[in-house]
Amino acid sequence: MNIVDYPVSIGEEGIKLQPEKMEVDKLYYCIYQDKAMLFFKDKNDLLNCYEIEEKEIVDELKQSKSEDMDDILEKYIEKKNLNH
């Protein structure tokens, strides 16, 4: 997805979301105020948001390439058993 079309952005007033651009069940993320913010829209068009404050994972995400972020987040979710 082109960065211009990415539905999550950070501005002077905080995080700006464009849920109409989100695909159902696809994870979107950003780093804001030393937290990883995760967003997804479910099949009922409800917007879900999760916040990760753990310094280790946030630092790993900050240092990664964008294509590696999905793998990092998947491992974190499995480790924390968050998908149940």
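Residues numbered from 1 in each chain as written. Predicted model: local features only at pLDDT ≥ 70, side-chain atom pairs only at ≥ 80, totals over all residues. Heavy atoms only, no water.

> Can you break down the pattern of salt bridges residue by residue, with the values?
Overall, the coordinates contain 5 salt bridges when judged by the stated rule. D45 is the salt-bridge partner of K41, the closest N and O atoms lying 3.8 Å from each other. Looking at K41, the relative accessible area reads 10%, which means it is buried. Between D59 and K55 there is a salt bridge, with its nearest N and O atoms 2.7 Å apart. Within this pair, D59 and its partner K55 are both found in helix α1 (residues 55–63), separated by 4 residues, close to a single helical turn. A relative accessible area of 60% places K55 in the exposed class. Counted as one network, the salt bridges with shared partners bring together K35, E51 and E53. (Salt bridge = Lys/Arg side-chain N within 4 Å of Asp/Glu carboxyl O. Buried < 20%, exposed > 50% of the residue type's maximum accessible area, 1.4 Å probe, protein only. Helix = DSSP H or I, 4+ residues; strand = E, 2+ residues; numbered from the N terminus.)

> Before we move on, could you go through the nonpolar core and cite the residues and values that matter?
Judged by nonpolar contacts, Y29, A36, L38, I52, I57, V58, L61, M69, I72, L73 and Y76 together constitute the single largest core of 11 residues. When residues of this core are traced back to their parent elements, those giving at least two are β4 (35–41), α1 and α2 (66–80). Ranked by the residues each element gives to this core, the list is headed by α2, at 4 residues. What M69 contacts, discounting residues up to four positions off in sequence, is Y29, L61 and S64. Counting residues in hydrophobic clusters, the runner-up holds 6 residues, among them V8, Y28, C30 and M37. (Core = buried A, V, L, I, M, F, W, Y, C linked by side-chain atoms within 4.5 Å. Contact = heavy atoms within 4.5 Å.)

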